[in-house]
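# Reading the structure
The primary structure of each chain is shown beneath.
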Amino acid sequence: VEVEVEEEILVEDENNDLEVKIKELKDQLMRTLADGENLRKRTLKEVEQAKKYSHISFVRDLVSSVDNLKRALDSIPEDKSNLSEPIKNLILGLEIVEKEIVTTLEKNNIKQISPLGEKFDYNFHQAMFEIPTNDCDPGLIVEVSQNGYLLYDRLVRPAMVGISKKIEEKKDNQEKGSDSFEK
């Protein structure tokens, strides 16, 4: 009888050991499956990001050319009556090209940042200089030297801006001097 009891105890111990191993293996399997699923999700996200932003360096190069075209068009005089007909046609063609480029940029989720009058935001703007003024609140953008661009929600190039700065009121030194003599 003792031998049978000992064998039952050994069998129970062996069963308990096997159940513990089964639980450990199930846990390992579940963790491996979860890791695989996480890897799949992360890979899909990375592929999506790569497709979405892969052409950002091309966009950086392109916006410089767009800015140069815009500057060239801005340098054309308001009064075009003195210009010859071929020059007028050339200007008209360049204006049409600029509009097409801007439309194409917008269609491809490239947005221009033109923040005149907005509060300065270091995430989208780069302060190039300060302009002392009491006409508006300090920290507002009062001049845009170069527009910025976004590709979806990612910054391609910050807008180069001038921001307002409060004019410091100068104290009249003569009044200070006369006050000290009177005492």
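Here the residue index of a chain counts from 1 through its sequence in written order. At least 70 in pLDDT is required for a residue's local features to be given in this predicted model, at least 80 for side-chain atom pairs to be given and counted, and no such filter applies to totals for whole chains, interfaces and linings, which use all residues. For the side-chain quantities, the full set of heavy atoms in the structure was used; hydrogens and water were omitted.

### Observations concerning the sheet that holds strand 3 (residues 141–146)
Only strands that DSSP links by at least two bridges are regarded as paired with each other. Per the convention used, a helix needs a DSSP run of H or I reaching at least four residues, while a strand needs a run of E reaching at least two, with both numbered from the N terminus. The strand order across the open sheet formed by three strands is 2-6-3, and the pairing between neighbours is mixed. Both outer strands of the open sheet, strand 2 (125–132) and strand 3, are each paired with one neighbouring strand and no more. Within this sheet the neighbouring strands show an average axis-to-axis angle of 30°, counted without direction. Alignment of strand 2 against strand 6 (residues 159–165), held across seven bridges, turns out to be parallel. Along strand 6, the bridge assignment pairs His125 with Ala159. What counts as an axis is a line fitted to C-alpha atoms, over the stretch in contact for a helix, and the angles between N-to-C directions run from 0 to 180 degrees.

### Some remarks on the packing of aromatic side chains
Planes of paired rings set the category: under 30 degrees apart is stacked, over 60 is edge-to-face and the rest tilted, where pairs are Phe, Tyr or Trp rings (Trp by its six-membered ring) whose centres lie within 6.5 Å. All chains considered together, the criterion is met by one aromatic pair. Pairing Tyr53 with Tyr152 gives two aromatic rings, centres 6.0 Å apart and planes at 85°, and the pair type is edge-to-face. Of this pair, Tyr53 sits in helix 1 (residues 2–53) while Tyr152 sits in the loop between strand 4 (148–151) and strand 5 (154–157), and the two are 99 residues apart along the sequence. Since its relative accessible area comes to 7%, Tyr53 is described here as buried. Only protein chains enter the calculation, and the probe is 1.4 Å; a residue is then buried if its accessible area is under 20% of its type maximum, exposed if over 50%, and partly exposed in between.

### Some words on a nonpolar patch on the surface
By definition, no residue in a patch forms a salt bridge, and every one has over 30% relative accessible area; like charges are joined within 9 Å, nonpolar side chains (Val, Leu, Ile, Met, Phe, Trp, Tyr) within 5 Å. What sets the accessible areas is the Shrake-Rupley method with a 1.4 Å probe; for residues, cover comes only from the shown protein chains. Each salt bridge in this description consists of a side-chain nitrogen of Lys or Arg and a carboxyl oxygen of Asp or Glu lying within 4 Å of one another. A cluster of nonpolar side chains, Leu29, Met30 and Leu33, forms an exposed patch at the surface whose accessible area comes to about 320 Å². Residue placement: Met30 occurs in helix 1.

### Quick notes on the environment of Gln126
Structurally, the position occupied by Gln126 is in strand 2. When the C-alpha positions of Gln126 and Leu33 are compared, they lie 47 Å apart, and in sequence the two are 93 residues distant. Dropping the residues within four chain positions of it, Gln126 is found in contact with Phe120, Pro158, Ala159, Met160 and Val161. When checking whether two residues touch, look at their non-hydrogen atoms; a contact exists if any pair is within 4.5 Å.

### Brief notes about the sheet that holds strand 1 (residues 110–113)
Spatially, the three strands line up as an open sheet ordered 1-4-5, and their pairing is antiparallel. The strands lining the two open edges of the sheet, one partner per strand, are strand 1 and strand 5. Direction aside, neighbouring strands of the sheet carry axes that sit 35° apart on average. Two elements, strand 4 and strand 5, share three bridges in a ladder whose sense is antiparallel. Residue Leu151 lies in a different strand from strand 5, and its bridge partner there is Arg154.

### Here's the deal with the side chain of Asp67
By the element assignment, Asp67 lies in helix 2 (residues 56–74). Asp67 sits in the buried class, given a relative accessible area of 7%. Side-chain atoms alone can form a polar contact between residues adjacent in sequence; in general such a contact is a pair of N or O atoms within 3.5 Å, and within protein one must be able to donate a hydrogen while the other accepts it. At a separation of 2.3 Å, a polar atom in the side chain of Asp67 contacts the side chain of Arg157. Apart from the residues lying within four places of it in its own chain, the contact partners of Asp67 are Gln146, Asn147, Tyr149 and Arg157.

### Concerning the pairing of strand 4
With burial as the criterion, each face of strand 4 is covered, one bearing Gly148 and Leu150 and the other bearing Tyr149 and Leu151. In terms of strand pairing, strand 1 meets strand 4 through four bridges, oriented antiparallel. When the bridges of strand 4 are listed, Ile110 appears paired with Leu151. Following strand 4, the chain reverses through two residues before pairing antiparallel with strand 5; Tyr152 in that reversal takes a positive phi of roughly 55°.

### Structural notes on the pattern of salt bridges
Evaluation of the coordinates by the stated rule reveals seven salt bridges. Lys80 is paired through a salt bridge with Glu95; the nearest N and O atoms lie 3.5 Å apart. One end of the pair, Lys80, is in the loop between helix 2 and helix 3 (85–107); the other, Glu95, is in helix 3, and 15 residues separate them in sequence. With relative accessibility at 28%, the residue Lys80 sits in the partly exposed group. Residues Glu130 and Lys165 are paired through a salt bridge, measuring 3.8 Å at the closest nitrogen-oxygen approach.

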